[in-house]
Amino acid sequence: MAGGGPPKADEPAPHPPKDQLPKVSYCITSPPPWLQSAFMAVQLVLHLTCSSLLMVTYAILDCVLCNLSGTFGVILAILLGFQHYLVMLGTTVIIPSVLVPQMGGGNEEKAKVIQTLLFVAGLNTLLQTWFGTRLPVVIGGSYTFVAPTISIILSGRWDDPDPVSVRFLDSVSVRFKKVMRATQGALIVASTIQIVLGFSGLWRNVARFLSPLSSVPLVALAGFGLYEFGFPGVAKCVEIGLPMLIVIVVFSQYLVHFVKPGKDILDRFAVLFSVVIVWIYAHLLTVGGAYNGKSPKTQTSCRTDRAGLIDAAPWIRVPYPFQWGAPSFDAGEAFAMMMAAFVALVESTGGFIAAARYASATATPPSILSRGVGWQGIAILLSGVFGTGNGSSVSIENAGLLALTRVGSRRVVQISAGFMIFFSVLGKFGAVFASIPAPIVAALYCLFFAYVGAVGVSFLQFCNLNSFRTKFILGFSIFLGFSIPQYFNEYTAIQGFGPVHTSGRWFNDIINVPFSSEAFVAGILAYFLDNTLHRDHEVRKDRGKHWWDKFRSYKTDMRSEEFYSLPFKLNKYFPSV
């Protein structure tokens, strides 16, 4: 028979399941060789001081290309870290740009909030990579917290400030500071849910029942569920967004096959090349008058000089705790924010799993996931203390960048955290990069969210796809994971409020926020069905649970200790159980 039949019983599968993702250039534990890197850095400095621009360019490329297999130099690590910084800037700028004007702040307040969000993101990323899961994840702002924050803004108790507050708040918007302080109080209280669930080990007990099958909808929709931030954002200025989308795909997927020498440069630095090219193109359109006379909405999306951040940002400013004043507390707002924190917890669990896969680590043990959730609670606490106006969670776009570069090194992400802190203090310089037009960022999201969604689907390699039980759980949870949030979001867009609409905004958010999250709905449904539908030894294999059992603790797999053990010999005080 033409085409050949199925493989014989004794033949190995053509693509057997892999505990660790292959073909990753640098895995989670691959650090740069700092002595060799320092030598190359000295060479670069000599070129910079006595060479022409051409020789400088050659020196940089030479430093990158001369890295031997299994190592990469400090220049490579710094540039890869800078890419992570650029990618996380999108969410860091978009959220304050939406919230600060509604709070009553102007460009100056927006610039300070962005600086604070960057500073706290840098701190939280370092804490998570040192003491949390130790995965190469960026802990940044989260869209999940936007809805309860808007409810605080619309609560109606900020319009008539008392004279005493006006005297102490000086020239800064009174309404902005009062709203920010209320948001701080809600975030501080909300952080306790993740801190308790994480550090008490309760989330470990929940994660023990996760299987590859129930992880598929959770991780897949953690990426695919963010589709509304992809091409709709590109289309806001299609003459910039669409070229960016084409250029990033060409650089990362096509040119690497045609340009043999230096193909690793094109592959790993596709984001840098693409952003620079399209940003220059967008600036030429701006100075050439292409948007003169256009609507304010078009000019805001397309022009490179409309962010208002460069003029408003201070040259040097160090964010500090309670910079907006003492936080205020409201029980209803705190409960609503706690629900948002729980939703972010579930979404971040999917982000952790995706990052572990792209970093070529083994499946994350439940105790490590729980530890990471606890430190993410600390991240939300710091967000409340410093006053970012938003909570913290795993940056899904940065998890996608791990896939694009095939570099899952923890050290690279820690370097990116250094960039976050550095540019948050030097406000003017950070504002330059924060002024990248939003359609450029949206084009990057199209790639990164797709990568995260794809890694979720890849866990099907551990499952039996010929099982009707598997098909039901997958199809039902993924379909409702898209359908239920679509209903809630569509209802809100038309009516101006969610399907649950009572006099208590906090109660509305407790119901509306979780059902508006695709990853949350799909993940909870798949988890419930996978653990309640008929289970026996055969079903255990169908759901792929036997593949992950050996990674429950360090005792059953030594590779887990290599990837997830704490520094400074802290494992004896905080063991993996």
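Residues numbered from 1 in each chain as written. Predicted model: local features only at pLDDT ≥ 70, side-chain atom pairs only at ≥ 80, totals over all residues. Heavy atoms only, no water.

A.B. asks: Even after reading the chapter, I still don't get the overall build of the protein, so can you show me in this structure?
C.D. replies: Helix and strand counts for the protein stand at 27 helices and two strands. Taking the intrachain contacts of the protein between residues at least 6 apart in sequence as the baseline, contacts between residues at least 24 apart amount to 84%. For the protein, the exposed area adds up to about 24,700 Å²; of that, 68% sits on carbon and sulfur atoms. (Helix = DSSP H or I, 4+ residues; strand = E, 2+ residues; numbered from the N terminus. Contact = heavy atoms within 4.5 Å. Areas by Shrake-Rupley, 256 points an atom, 1.4 Å probe, with all protein chains shown as cover.)

A.B. asks: How do you make sense of the environment of F476 when you look at a structure like this?
C.D. replies: Inspection of the secondary structure assignment puts F476 in helix α22 (residues 468–495). Of the residues examined, F476 reaches a relative accessible area of 36% and is grouped as partly exposed. (Buried < 20%, exposed > 50% of the residue type's maximum accessible area, 1.4 Å probe, protein only.)

A.B. asks: Please explain the packing of helix α4 (residues 107–131) against helix α17 (residues 366–386) as it appears in this structure.
C.D. replies: To characterise two packed helices, one gives the angle between the axes of the helices and the distance between these axes. Running from amino to carboxyl end, α4 crosses α17 at an angle of 160 degrees, the nearest separation of the two axes being 10 Å. Classified by the interaxial angle, the pair formed by α4 and α17 is roughly antiparallel. Two packed elements cross with a definite hand, and for α4 against α17 that hand is right-handed. For the pair formed by α4 and α17, the contact residues are T116, F119, V120, L123, N124, L127, Q128 and F131 on the first element and R371, G372, W375, Q376, I378, A379, L382, S383 and F386 on the second. Broken down by class, the residue content of the contact of α4 with α17 amounts to ten nonpolar, six polar and one charged. (Axes fitted to C-alpha atoms, helices over the stretch in contact; angles between N-to-C directions. Parallel < 35°, antiparallel > 145°, perpendicular 65-115°, else oblique. Left-handed = near helix turned anticlockwise from the far one by under 90°. Nonpolar A, V, L, I, M, F, W, Y, C, P; charged D, E, K, R; others polar.)

A.B. asks: When you look at the pattern of salt bridges in this model, what are you seeing that I'm missing?
C.D. replies: Between side chains of opposite charge, pairing is possible as soon as their charged atoms come close. Overall, the coordinates contain seven salt bridges when judged by the stated rule. Between E108 and K112 there is a salt bridge whose closest N-O contact spans 3.4 Å. Taken together, the residues E108 and K112, both in helix α4 and four residues apart, mark about one turn of the helix. Across the pair D267 and R406 runs a salt bridge, and its minimum N-O distance is 2.7 Å. Highlighted residues: D267 in helix α12 (residues 263–268) and R406 in the loop between α18 (396–405) and α19 (410–425), separated in sequence by 139 residues. Judged by relative accessible area, D267 falls into the buried class, the value being 11%. (Salt bridge = Lys/Arg side-chain N within 4 Å of Asp/Glu carboxyl O.)

A.B. asks: Sorry, what's going on with helix α7 (residues 174–199) here?
C.D. replies: Since one α-helical turn is 3.6 residues long, residues separated by three or four positions face the same way. The terminal C-alpha atoms of α7 lie 38 Å apart, and with 26 residues this matches the ideal 38 Å at 1.5 Å per residue to within 8%. Burial runs high along α7: 19 of the 26 residues are buried. (Expected span 1.5 Å × (residues − 1).)

A.B. asks: It is not clear to me how the confidence of the model for the protein should be interpreted in this structure. Could you clarify?
C.D. replies: Low pLDDT marks stretches whose predicted atomic positions should not be read closely. Residue-level pLDDT values for the protein average 86, and 85% of them are 70 or greater. Here helix α1 (residues 34–50) is the element of the protein with the lowest mean pLDDT, 40, and strand β2 (residues 392–394) is the one with the highest, 97. Taken together, the stretch residues 166–171 has pLDDT below 50 and engages in five contacts with residues farther than four places along the chain or on a different chain. (pLDDT = per-residue confidence, 0-100.)

A.B. asks: Where do I start with the state of the cysteines in this structure?
C.D. replies: Defined simply, a disulfide is a covalent bond joining two cysteines at their sulfur atoms. According to the stated counting rule, one finds one disulfide in the structure shown. Disulfide pairing is shown between C237 and C302; the S-S distance is 2.0 Å. Its torsion about the S-S bond being 125 degrees, the disulfide of C237 and C302 is classed as right-handed. Here the residue C237 occupies a position in the loop between α10 (231–234) and α11 (238–258), and C302 occupies one in helix α14 (residues 296–302), the gap between them amounting to 65 residues. Accessibility expressed as a relative area gives 1% for C237, which makes it buried. (Disulfide = S-S within 2.5 Å.)

A.B. asks: How should I be thinking about the side chain of Q184 in this particular structure?
C.D. replies: On the secondary structure map, Q184 appears in helix α7. A residue is classified by how much of its surface remains accessible, and Q184, at 1% relative accessible area, is buried.

A.B. asks: Looking at this model, I keep getting lost on a nonpolar patch on the surface. Mind explaining?
C.D. replies: There is a patch of nonpolar side chains on the surface, built from F231, V238, L242, I246, V250, Y254, F258 and V259 and spanning about 740 Å² of accessible area. Top element by residues in the nonpolar patch is α11. It accounts for six residues. (Patch = residues over 30% accessible without salt bridge, like charges linked within 9 Å, V, L, I, M, F, W, Y side chains within 5 Å.)

A.B. asks: Please explain unusual backbone geometry as it appears in this structure.
C.D. replies: Across the chain, the bulk of peptide bonds are trans and the bulk of non-glycine residues have phi less than zero. Residues other than glycine seldom take positive phi values, yet R134 does so here, at roughly 70 degrees. Structurally, R134 can be placed in the loop between α4 and β1 (139–141). A relative accessible area of 11% means that R134 is categorised as buried.

A.B. asks: I tried to follow the packing of helix α3 (residues 74–103) against helix α21 (residues 438–458) on my own but got confused; where do I start?
C.D. replies: Viewed as axis vectors pointing N to C, α3 and α21 meet at an angle of 120 degrees, and their least axial separation amounts to 10 Å. For the element pair α3 / α21, the angle class is oblique. The handedness of the crossing between α3 and α21 comes out as left-handed. Facing α3, whose interface residues are V87, G90, T91 and I94, α21 presents V441, Y445 and F448. Of the residues in the contact of α3 with α21, the class split is five nonpolar, two polar and no charged.

A.B. asks: Looking at this model, I keep getting lost on the environment of G105. Mind explaining?
C.D. replies: Locating G105 in the fold gives a position in the loop between α3 and α4. Sequence spacing of G105 and K177 is 72 residues, and the spatial spacing of their C-alpha atoms is 8.4 Å. Setting aside residues up to four positions removed in sequence, G105 forms contacts with V100 and F176.

A.B. asks: Which parts of the structure should I look at to understand the packing of aromatic side chains?
C.D. replies: Each pair of aromatic rings is reported with the distance of its centres and the angle of its planes. Scanning the model with the defined rule gives 34 aromatic pairs in all. An angle of 25 degrees between the planes, with centres 5.8 Å apart, marks the rings of F251 and F273 as stacked. Highlighted residues: F251 in helix α11 and F273 in helix α13 (residues 270–287), separated in sequence by 22 residues. Taken together through their ring pairs, the aromatic side chains of F82, Y85, F419, F422, F423 and F433 make up a single cluster. The ring of W315 has K428 sitting right over it, with the charged end atom 5.8 Å from the ring centre. (Phe/Tyr/Trp six-rings, centres within 6.5 Å; stacked < 30°, edge-to-face > 60°. Lys NZ or Arg CZ within 6 Å of the ring centre and 35° of its normal.)

A.B. asks: Just checking my understanding: could you explain the side chain of T125 for this structure?
C.D. replies: Looking at the element boundaries, T125 is found in helix α4. In this structure T125 comes out as buried when scored by relative accessible area, which is 0%. Polar side-chain contacts of T125 include one of 2.7 Å to the backbone oxygen of A121. Setting aside anything within four residues of it in sequence, one finds T125 in contact with V137, V138, I139, V413, A417 and M420. (Polar contact = N/O pair within 3.5 Å; in protein donor to acceptor, adjacent residues only side chain to side chain.)

A.B. asks: Can you help me understand helix α5 (residues 146–153) in this one?
C.D. replies: With six of eight residues buried, α5 is to be regarded as a mostly interior element. Residues of α5 that are buried make contact with α3, α7, α16 (331–358) and α23 (505–512).

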